[in-house]
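Residue-level structure breakdown
Here are the chains, one letter per residue:
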Amino acid sequence: MSAALKECRHGHMLYNPDDTFIGGSLDKYGEFSEHEVQGILSLLPEGGIALDIGANIGCLTIPIAKRASFVIAVEPQRITFQHLCANVALSALRNVHTIHAAMADKPGVIHITPPDWDSGANNGGFELKPVSGGEPVRVVTVDSLGLQRCDLIKIDVEGMEGAVIAGAVATITRCRPALYVEADREDKTPAMIEQLTGLGYKCWWHLPPLYNENNFSGNAENAFPNIVSINMLCLPDGKLPPFQLYEVEPGDTFSKLMARLAG
């Protein structure tokens, strides 16, 4: 397994340079998905409390923690979690609590086949698929944390977003945090939208490009043309996003949004 250490926009980062998107971005640009980072930070009040669910190696955790008073960062992949802890330590962020676990709608244990770090694949796109005899991973719920204040929840869990939300209903109802949720699974997005609207939230599409022309390394080559992250920014009814976005419609998907814009 290869690993590299580099000074990046938000601090020194330990990463896998063979990873397609996260490691590749850090290697080429000294940052990862900076447009997404800034979108998330715009939702978080100074000194707020945040949950980073699916934190990976901490590319979003680190800048969130520099704005927040307290961050809980949750990551189920063991090697990835070790890199997350290293990156939190490298930035001396004592306000970050890291948890090696998956999050879903009920507690338990799942067994998974860990990703192959040497394959050069997309580590950020790893799905937790239960297998017999795999490596055990603890599963917890957001509600089990018992938070009395929460200003932001970021959820990027490769298709398990709905289960995470189901396990966070009490926290969301009590704290009314801003939610930033990956929504790139066409088969699951409509049900997730129904979940969120049922909790009294309005949603908007946020589609930040992966490449930032003003990147930390000053690299003018766009290695990720036409690649965007597909996310939803969700706020309690009555609140509006801090910048103009396309509103999510009932039963929506990314492809339906693209059809509307084209048509």
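This text goes with the structure placed above it.
Residues numbered from 1 in each chain as written. Predicted model: local features only at pLDDT ≥ 70, side-chain atom pairs only at ≥ 80, totals over all residues. Heavy atoms only, no water.

Positive phi outside glycine occurs at Arg176, with the angle close to 50°. Along the polypeptide, Arg176 turns up in the loop between helix 6 (169–175) and strand 10 (178–182). Even without glycine at this site, Asn226 takes up a positive phi of about 65°. Position of Asn226 relative to the elements: it lies in the loop between strand 11 (201–206) and strand 12 (231–236). Relative accessible area serves as the criterion here: at 81%, Asn226 is assigned to the exposed category. (Helix = DSSP H or I, 4+ residues; strand = E, 2+ residues; numbered from the N terminus. Buried < 20%, exposed > 50% of the residue type's maximum accessible area, 1.4 Å probe, protein only.)

Glancing now at the state of the cysteines. This structure, assessed with the given rule, holds zero disulfides. Cysteine Cys175 is unpaired, with the sulfur of Cys150 as its nearest cysteine sulfur at 5.8 Å. We classify Cys175 as buried; its relative accessible area is 15%. Looking at the unpaired Cys234, the closest cysteine sulfur is the one in Cys203, lying at 3.2 Å. With a relative accessible area of 0%, Cys234 lands in the buried category. (Disulfide = S-S within 2.5 Å.)

On to the side chain of Glu34. Position of Glu34 relative to the elements: it lies in helix 2 (residues 34–41). If near-sequence neighbours (up to four positions away) are discounted, Glu34 is found in contact with Arg9, His10 and Asn212. (Contact = heavy atoms within 4.5 Å.)

Quick look at empty space enclosed by the protein now. Taken as a whole and judged by the stated rule, the model has two cavities of 30 Å³ or more. Space inside the largest cavity adds up to approximately 70 Å³. In terms of lining residues, the largest cavity is bounded by 13 residues, among which His10, Leu26, Glu31, Phe32 and Cys59 are the most central. Elements that contribute at least two residues to the lining of the largest cavity include exactly helix 2 and helix 3 (61–67). Residues of the lining of the largest cavity, tallied by class, amount to eight nonpolar, two polar and three charged. (1 Å grid on protein atoms, 1.4 Å probe; cavity = no way out; pocket = protein on both sides within 12 Å on 5 of 7 lines; lining within 4 Å. Points joined across faces, edges and corners; volume = space filled by probe spheres on them. Nonpolar A, V, L, I, M, F, W, Y, C, P; charged D, E, K, R; others polar.)

What follows deals with the sheet that holds strand 6 (residues 102–103). One open sheet accounts for three strands, arranged 6-8-7; its pairing is mixed. The open sheet has two edge strands, strand 6 and strand 7 (108–112), and neither has a second partner. The pairing of strand 7 with strand 8 (residues 135–140) spans five bridges and is antiparallel. Bridge pairing in strand 8 places Val109 opposite Arg138. (Pairing = 2+ DSSP bridges.)

Now for a nonpolar patch on the surface. Taken together, Tyr246, Met258 and Leu261 make up a surface patch of nonpolar side chains, about 290 Å² in accessible area. Along the polypeptide, Tyr246 turns up in strand 13 (residues 246–247). Residue class for Tyr246 comes out partly exposed when judged on its relative accessible area of 47%. (Patch = residues over 30% accessible without salt bridge, like charges linked within 9 Å, V, L, I, M, F, W, Y side chains within 5 Å. Areas by Shrake-Rupley, 256 points an atom, 1.4 Å probe, with all protein chains shown as cover. Salt bridge = Lys/Arg side-chain N within 4 Å of Asp/Glu carboxyl O.)

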